[in-house]
Amino acid sequence: MNHSLKHLIPLVSTMRKATHRHYSEAGLTHVPVPQIVGITGACENVDTLFNVASRVPVPLFFCQTGQLNLEQALQYYPGVYTIMVSGRDEEKEDARHVRQFSLTEEEFDWSLVSDAKYDEERMFEEMLRRIEVAVKSICQTVVAAHPETLIREFKQDAGGLATSLNEPFHRISYDEAVEVLKKNGFPELKWGDDLEARHETRIVELLNGGDFPVPVFIMRYPKDIKFFNMKVSTTDDRVVLSADLILPHSGEAVGSAVREHDAAKLERRLLGSTMFRLHTARGGTLDDFRWYLDIIGSGRTKPHAGYGIGNERVIQYLTGAKDIRDCSIFAQMTRETCDWRAKEKVAV
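Residues numbered from 1 in each chain as written. Predicted model: local features only at pLDDT ≥ 70, side-chain atom pairs only at ≥ 80, totals over all residues. Heavy atoms only, no water.

Bringing the environment of Asn-229 into the picture now. Relative to the helices and strands, Asn-229 is located in the loop between strand 8 (216–219) and strand 9 (242–247). Here the alpha-carbon distance between Asn-229 and Arg-21, two residues 208 residues apart in the chain, equals 29 Å. Those residues in contact with Asn-229, other than ones at most four positions away along the chain, are Gln-67, Leu-68, Glu-71, Val-258, Arg-259, Glu-260, Leu-266 and Tyr-292. For Asn-229, the side chain forms a polar contact with the side chain of Glu-71, separated by 2.9 Å. (Helix = DSSP H or I, 4+ residues; strand = E, 2+ residues; numbered from the N terminus. Contact = heavy atoms within 4.5 Å. Polar contact = N/O pair within 3.5 Å; in protein donor to acceptor, adjacent residues only side chain to side chain.)

This model, assessed by the stated rule, comprises 11 aromatic pairs. With a centroid separation of 6.1 Å and 50 degrees between ring planes, the pair formed by Phe-169 and Phe-217 is classed as tilted. Of this pair, Phe-169 sits in the loop between helix 5 (158–164) and strand 7 (170–173) while Phe-217 is found in strand 8, placing the two residues 48 residues apart along the sequence. Look at Trp-291 and Tyr-292: their rings are 5.9 Å apart centre to centre, the planes differ by 75 degrees, and that puts the pair in the edge-to-face class. The partly exposed category is assigned to Trp-291, whose relative accessible area is 29%. An aromatic cluster of at least three residues, connected via ring pairs, comprises Phe-227, Phe-228, Phe-276, Phe-289, Trp-291 and Tyr-292. Here the basic side chain of Arg-130 rests over the ring of Phe-108, its NZ or CZ set 4.3 Å away from the ring centre. Of note, Lys-226 hangs over the ring of Tyr-221, and the distance from its end group to the ring centre comes to 4.2 Å. (Phe/Tyr/Trp six-rings, centres within 6.5 Å; stacked < 30°, edge-to-face > 60°. Buried < 20%, exposed > 50% of the residue type's maximum accessible area, 1.4 Å probe, protein only. Lys NZ or Arg CZ within 6 Å of the ring centre and 35° of its normal.)

Moving on, we come to the pattern of salt bridges. All chains considered together, the criterion is met by 19 salt bridges. Among the ionic pairs, Arg-129 bridges to Glu-126, the shortest N-O distance being 2.9 Å. Placement of both Arg-129 and Glu-126 in helix 3 (residues 120–145) is noted, with a separation of 3 residues, approximately one turn of the helix. Given a relative accessible area of 13%, Glu-126 falls into the buried group. (Salt bridge = Lys/Arg side-chain N within 4 Å of Asp/Glu carboxyl O.)

Written as structure tokens, this is what we have:
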């Protein structure tokens, strides 16, 4: 018997209920998104898509993000969210990577922020606020519902964790993070490099002290290393209006950005992206993204922003687990079934 599942399932169940309650009370509409999609269900690296064999004579994949479909739903509702299963065809599962995980995503438009003229910086601030409120609400509910499990099974100080969740999250720009890291163990790091898990962990350490570190937003990443529809800042065209939320113990748990709403800029960014280069190398074309470009270009959605929360990373933060697989019901169940390990048998 896998005792990890016995203690993990109640935490995940409470998180799911807390997520639905939070977004419902915030006035958002729940929208299920397709799990089998075309290329637009990919994150930046299309090489990590699972191919889906089918009778349909077009390439299909297991979805990695429902972001573009949620943007599609913004034609009808000003704020939407989903909870989906994301698939990543990783070379291997390890302490940092799992091949399938639960992802909570929100998209909201300017009408939920203000009736004044659109302001991208105010939109960015609202996005950060919504992320912080959501993560705190969900985490506080889980801690309040399962203090004994966290204390007994995961050796966590539930009271200290609850207290830390009342503190404001730290913020640091990508520019500042690079300079801080260069002075604290990473002299080879240069502007334009993507930050790795070891860099993010160090930033959390440097901005915190004590037993209960607070999550950190790293903001305004270089545009060349981020998803094509992230809005380029009008005050600094090197960067996009994006933010990653780094959680203690677990690392990057939230990716977010204000979305580009200028159709011409959006198409140029797509054509110059790593995603599109990899896609065309596989025989794909711009027409594969046409439906999305047409929605934005036609003005059927208002300017908007959104984010995705990796739920297993949140569980890892709450439990202090060193291995992400210990926080994944999917990983624990496939360990028992051996579905992904044809030659390996595991005692159950």
